[in-house]
Each structure stands twice: as structure tokens, then as C-alpha cells.
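# Results of the structural survey
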Amino acid sequence: MKKVDILIVGAGPGGMSAAQYGARAGYSTLVLDPMGPGGQLLYIDAIENYPGLGETSGYLLSEAMEKQCASFGVEMDYGAVSSISKEGNLFVSQTDIGEVESKAVILATGASHRHLGVKGEEEYRGKGVSYCATCDGPFFRGKKVVVAGGGDTALTDALYLSKLCSTVTIVHRREEFRAQKALQDKIAKVGNISTVMGRNIVEIKGDGSSVKEVVLDGGETIEADGVFVFIGTVPNSSLVERIAKTENGFVVTDDSMETTLPGLFASGDVRNTTFRQVVTAASDGAKAAHGADEYIRKNNL
Ligand code: NAP
């Protein structure tokens with residue numbers, strides 16, 4: 001059985017920040033993620049609000065975080081964690097690289113894309129329906145796309161798509177956007193972005209091999225070669241069941257990021273929090289590692 005001080009599940013910014021703080025404090029720190037380092041950072045084309053960096057890309061920021069982790073001696077590996085249990089004072093986790101014993105665990109499993117749940121969405125997934133602008137945007141160069149959603153992701157990614165696509169139509173279910181004012185101001189100035197407010201997409205239609213149009217409640221249709229769905233996220237929190245979570249499944253923590261199971265901490269988008277940013281995930285990670293440090297010392301582990 002592999003033994004480490006701190007096991008971190010997930011290598012997004014919440015996990016990598018926790019890892020570098022943990023390792024820098026002198027703990028053996030293992031990060032496991034089936035997809036490798038980056039998490040949702042890898043889907044962000046441009047980041048302009050991470051303090052001190054000006055404009056950068058999610059990929060470059062992820063790479064910088066990974067290098068910083070390595071410089072402090074973090075061990076990072078590809079692999080999923082299938083269960084975490086507490087046996088006495090120690091945690092035992094079943095993972096793709098075998099059983100791992102640790103003094104503390106930090107859950108940084110992030111969140112996944114929410115789906116619209118409308119007719120045609122699953123059928124045309126990968127044939128015009130996408131949840132990632134930076135991954136799939138280039139396939140829609142010069143084409144018409146619809147963006148579903150009204151939050152920061154929908155508007156940020158609509159801006160990205162507007163540089164590639166002929167037209168971008170944002171369909172939002174309410175009359176007001178949820179997104180930050182700065183983003184609303186930006187999209188208002190882009191000639192090929194239009195908005196349809198207070199409407200829901202009820203169906204995505206195509207010819208069997210690619211998307212052709214979306215149908216709105218009320219029956220109108222919008223011609224589209226692609227549909228990008230950015231309607232928020234659902235937390236990846238099912239790994240640990242017997243801890244407090246919100247009704248939507250986000251993990252409840254105290255100020256030190258500790259969950260209701262002592263020694264188990266949570267960091268980043270999986271956590272119940274009001275504002276989800278790269279910088280807040282990084283902040284969570286720092287606090288979770290600090291919390292783990294205090295927990296390990298207090299319990300003489
Ligand atoms: P979000 O803030 O939860 O917004 C989701 C949007 O989708 C909302 O406008 C919501 O409508 C809509 N929606 C939810 N369920 C829907 C459904 N079933 N059908 C139709 N529309 C639906 O999610 P997000 O935009 O992905 O952002 C997630 C977090 O990341 C936020 O904290 C955000 O601030 C952060 N983020 C920040 C940046 C940045 O700072 N540049 C960029 C991206 C993301 P309602 O408004 O009616 O609820």
C-alpha cells in the first residue's frame with residue numbers, strides 16, 4: 001500500500017494549489033486525476049482576471065501550476081479514485097494506482113457540464129452539440145452557432161466563438177443575464193453576436209449527421225450548425241457519500257475547507273461557495289492544505 005501524508009483527488013487549480021501548499025509545508029503530497037493536470041482550466045481560452053498575470057490561457061496557467069507543484073516535490077499521477085474511507089485516524093483510498101493510505105484527503109474533483117435535457121441534445125452530441133468552445137469552436141469556423149446560457153461561461157465563450165463563427169446567437173431563459181457586467185458590455189459591442197432573451201431551447205434538430213436548427217418554446221426556430229451549451233455545472237461529489245452537501249450536491253465545508261468528516265477537506269468547484277473562479281479555487285486549495293496541516297499536527301499523525 002502506498003503511504004502519503006496528503007492525498008489530493010483532482011488536478012484542477014483547486015487541487016494543484018492545495019498540492020503546492022501541502023508539499024511546501026513539508027508533507028508528502030500525491031495528486032491523482034484520470035485526465036492529468038489542468039481540470040477545467042484546459043477549457044478556458046483566455047483568462048484576464050487572475051491577479052498579476054494580465055491575459056493568459058487556461059493551458060499556460062495550468063502548465064505553470066504543474067511546474068510549480070513539481071518544484072516543491074508534489075507527486076502527480078494519472079488515475080481515478082473509486083472510494084475513500086476513514087479507518088481509525090487514517091484514510092484508505094482505492095485508486096487506479098492501487099490502495100493509498102493518507103493522513104488527510106483533499107477533494108478537488110470539480111464540477112461537470114450541466115445538460116439542457118432537451119430532445120436531440122444527446123443524439124447530436126459530438127455532431128454539433130458541444131460543451132466546450134475551445135475544444136470544438138474551430139470546427140465551426142465561418143458557421144452559425146447558438147449558445148445556450150446567460151452566465152459568465154456563456155458570455156466568455158460566445159466572445160471566443162464570435163472570432164471564429166459567422167454568427168453567434170445567445171439564447172437565455174431570463175430577460176437579464178447572470179454574467180458580470182463587464183462581459184455583458186463586451187458582447188454588446190460585437191457585431192456578429194445577437195441575443196434572444198426570456199426563451200428556452202426545447203429541441204435540437206438535424207439531418208441525422210449534423211445539427212441544423214434549434215427550436216424555442218413558442219415554436220420559432222434558429223438556423224444553426226452548432227449548439228454550445230453553457231448552463232452551469234453539477235458537482236463531482238458522489239465519491240464521498242456520508243458528508244454534508246447542499247441539495248444540489250455541493251460539498252459543505254467550514255472556513256478551513258474541512259468537510260463534516262474530520263481530515264477530509266474540499267477545494268474548488270466541488271465545494272459549496274458563491275463565486276467560482278480560478279482564483280477562488282486556488283484560494284480554497286491554499287486554505288485546504290493549511291487546514292490539513294493543522295489537522296495532522298493537532299492529531300499527532
Ligand atoms: P452559472 O453562473 O451557474 O450560470 C448558468 C447559466 O445557465 C445561468 O444564466 C442560468 O440561468 C442558465 N441555466 C441554468 N440551467 C439552465 C437550464 N436548464 N436551461 C437554460 N438555462 C439554464 O454557470 P457558469 O456560467 O458556467 O459559471 C460557473 C461559475 O464560473 C460562476 O461562478 C462564474 O462566475 C464562473 N466563471 C467566471 C468566468 C470569468 O470570471 N471570466 C468565466 C466563466 C465562469 P439563470 O441566470 O436564469 O439562472
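Residues numbered from 1 in each chain as written. Predicted model: local features only at pLDDT ≥ 70, side-chain atom pairs only at ≥ 80, totals over all residues. Heavy atoms only, no water.

## What to know about the site of the ligand
Surveying the vicinity of the ligand reveals 19 residues, the closest of which are D152, T153, R174, R178 and R276. A distance of 3.0 Å is found between an oxygen atom of the ligand and a side-chain nitrogen or oxygen belonging to R173. At 2.9 Å, a backbone N or O of R276 approaches an oxygen atom of the ligand. For the ligand, whose unbound accessible area comes to 910 Å², protein coverage reaches 77%. The element best represented in the shell around the ligand is helix 4 (residues 152–162), accounting for 3 residues. Among the residues forming the shell around the ligand, the class breakdown is 4 nonpolar, 9 polar and 6 charged. (Near = heavy atom within 4 Å. Polar contact = N/O pair within 3.5 Å; in protein donor to acceptor, adjacent residues only side chain to side chain. Areas by Shrake-Rupley, 256 points an atom, 1.4 Å probe, with all protein chains shown as cover. Helix = DSSP H or I, 4+ residues; strand = E, 2+ residues; numbered from the N terminus. Nonpolar A, V, L, I, M, F, W, Y, C, P; charged D, E, K, R; others polar.)

## Structural notes on the sheet that holds strand 11 (residues 193–197)
One open sheet accounts for 5 strands, arranged 8-15-9-10-11; its pairing is parallel. Looking at which strands have only one partner, the edges of the open sheet turn out to be strand 8 (129–130) and strand 11. (Pairing = 2+ DSSP bridges.)

## Brief notes about the state of the cysteines
What is meant by a disulfide is a covalent connection between two cysteines, made through their sulfur atoms. The full count for this structure, using the stated rule, is 1 disulfide. Shown here is the disulfide that connects C132 with C135, its sulfur atoms set 2.0 Å apart. Given an S-S torsion of about 75 degrees, the disulfide between C132 and C135 has right-handed geometry. Judged by relative accessible area, which is 7%, C132 ranks as buried. Residue classification places C135 among the partly exposed residues on the basis of a relative accessible area of 36%. Here C165 stays free of any disulfide, with the sulfur of C132 as its closest cysteine sulfur at 13 Å. (Disulfide = S-S within 2.5 Å. Buried < 20%, exposed > 50% of the residue type's maximum accessible area, 1.4 Å probe, protein only.)

## Details of the packing of aromatic side chains
Overall, the coordinates contain 3 aromatic pairs when judged by the stated rule. Measuring from ring centre to ring centre gives 6.4 Å for F265 and Y295, while their planes differ by 75 degrees; the resulting arrangement is edge-to-face. Here F265 is found in strand 17 (residues 264–266), whereas its partner Y295 is found in helix 6 (residues 278–298), with 30 residues between them in sequence. Y295 sits in the buried class, given a relative accessible area of 5%. Among the aromatic residues, those joined into a ring-pair cluster are F140, F228 and F230. Between the NZ or CZ atom of R276 and the centre of the ring of F250, over which it lies, the distance is 4.1 Å. (Phe/Tyr/Trp six-rings, centres within 6.5 Å; stacked < 30°, edge-to-face > 60°. Lys NZ or Arg CZ within 6 Å of the ring centre and 35° of its normal.)

## As for the side chain of T56
In this structure, T56 sits in the loop between strand 2 (29–33) and helix 2 (58–71). When near neighbours in sequence (up to four residues on either side) are disregarded, T56 contacts D45, A46, I47 and L61. (Contact = heavy atoms within 4.5 Å.)

## Here we look at the environment of Y21
In this structure, Y21 sits in helix 1 (residues 13–24). Classification of Y21 as partly exposed rests on a relative accessible area of 44%. Taking the C-alpha atoms as reference points, Y21 and H290, 269 residues apart in sequence, are found 7.4 Å from one another. Those residues in contact with Y21 that sit more than four places away from it in its chain are A286 and A289.

## Notes on the nonpolar core
Soluble globular proteins tend to bury their nonpolar side chains together. Counting residues in hydrophobic clusters, the biggest one holds 27 residues, and the most contacted among them are I8, I106 and F265. Take this core: its biggest share by element is 6 residues, from helix 6. Not counting chain neighbours up to four residues away, the residues in contact with F265 comprise A104, V105, I106, L107, S256, M257, E258, T259, A288, G291, A292 and Y295. Among the nonpolar cores identified, the runner-up in size contains 21 residues, and V145, L155, I170 and F228 belong to it. (Core = buried A, V, L, I, M, F, W, Y, C linked by side-chain atoms within 4.5 Å.)

## Notes on the pattern of salt bridges
Tallied over the full model, the rule gives 15 salt bridges. Between K3 and E101 there is a salt bridge, with the nearest N and O atoms lying 4.0 Å from each other. Taken together, the residues K3 in strand 1 (residues 2–9) and E101 in strand 6 (residues 98–107) connect sequence positions 98 residues apart. On the accessibility criterion, K3 (60% relative accessible area) is exposed. Overall, E101 belongs to the buried group, its relative accessible area being 17%. In this structure, the salt-bridge partner of K103 is D5, at a minimum N-O distance of 3.0 Å. Separated by 98 residues along the polypeptide, K103 in strand 6 and D5 in strand 1 bring together distant segments of the chain. A relative accessible area of 22% places K103 in the partly exposed class. What makes D5 buried here is its relative accessible area of 14%. Linked by salt bridges that have partners in common, R199, D217 and E220 make up one network. (Salt bridge = Lys/Arg side-chain N within 4 Å of Asp/Glu carboxyl O.)

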